[in-house]
Amino acid sequence: MAMNEKPKCPLLNADGNIFNLLGMASSTLRENGMKEQAKEMQSRVTASGSYSEALNILGEYVEICSAEEMNEEPDEGMSMM
């Protein structure tokens, strides 16, 4: 993964409980070697003042997608010539 690239996390259509979403995003970050970012994100989300603010914070750290998007192949338009 390139620097500053956010890992994909299947939060769309997941249980919308913010603690569930936070756990999923934290796991995704840790699985991608981003343990410090996971800690920072958790602190920011738990200190946030609203659900929408918490969701915005999650989106700063992970690329929010659906489970179907997680299984898609990379862009096939970039095939070798």
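Up top you'll find the structure we're talking about.
Residues numbered from 1 in each chain as written. Predicted model: local features only at pLDDT ≥ 70, side-chain atom pairs only at ≥ 80, totals over all residues. Heavy atoms only, no water.

### Looking at a negative patch on the surface
Where like charges cluster on the molecular surface, the negative patch consists of Glu5, Glu63, Glu68, Glu69 and Glu72. With respect to the helices, strands and loops of the structure, Glu5 is situated in the segment before β1 (8-9). (Patch = residues over 30% accessible without salt bridge, like charges linked within 9 Å, V, L, I, M, F, W, Y side chains within 5 Å. Areas by Shrake-Rupley, 256 points an atom, 1.4 Å probe, with all protein chains shown as cover. Salt bridge = Lys/Arg side-chain N within 4 Å of Asp/Glu carboxyl O. Lys, Arg positive; Asp, Glu negative; His and termini not counted. Charge placed at Lys NZ, Arg CZ, Asp CG, Glu CD. Helix = DSSP H or I, 4+ residues; strand = E, 2+ residues; numbered from the N terminus.)

### Side note on the nonpolar core
Within the largest apolar cluster, 16 residues are counted, with the highest numbers of intra-cluster contacts made by Leu29, Met41, Val45 and Leu58. For this core, the element with the most residues is helix α1 (residues 18-31), which contributes 5 residues. Contacts of Leu58, omitting those with residues within four sequence positions, involve Leu11, Ile18, Leu21, Leu22, Ala25, Met41 and Val45. (Core = buried A, V, L, I, M, F, W, Y, C linked by side-chain atoms within 4.5 Å. Buried < 20%, exposed > 50% of the residue type's maximum accessible area, 1.4 Å probe, protein only. Contact = heavy atoms within 4.5 Å.)

### A short note on the packing of α1 against helix α3 (residues 51-61)
Between two packed helices, the angle of one axis relative to the other and the distance separating the axes together describe the packing. Close contact between α1 and α3 brings their axes to 11 Å; oriented N to C, the two are set at 10 degrees. Taken together, the axes of α1 and α3 lie roughly parallel to each other. Along its contact with α1, which presents Ile18, Leu21, Leu22, Ala25 and Leu29, the element α3 presents Tyr51, Ala54, Leu55, Leu58 and Tyr61. Its residues placed into classes, the contact of α1 with α3 shows 10 nonpolar, no polar and no charged. (Axes fitted to C-alpha atoms, helices over the stretch in contact; angles between N-to-C directions. Parallel < 35°, antiparallel > 145°, perpendicular 65-115°, else oblique. Nonpolar A, V, L, I, M, F, W, Y, C, P; charged D, E, K, R; others polar.)

### Here's the deal with the packing of α1 against helix α2 (residues 35-47)
Running from N to C, α1 and α2 point in directions that differ by 165 degrees, and their axes come no closer than 8 Å. By the criterion of interaxial angle, the relationship of α1 to α2 is roughly antiparallel. Two packed elements cross with a definite hand, and for α1 against α2 that hand is right-handed. For the pair α1 and α2, the contacting residues are Ile18, Leu22, Ala25, Ser26, Leu29 and Arg30 in the first and Lys35, Gln37, Ala38, Met41, Gln42, Val45 and Thr46 in the second. Among the residues making up the contact of α1 with α2, the classes are represented as 7 nonpolar, 4 polar and 2 charged. (Left-handed = near helix turned anticlockwise from the far one by under 90°.)

No statement about biological role is implied by the geometric values presented.
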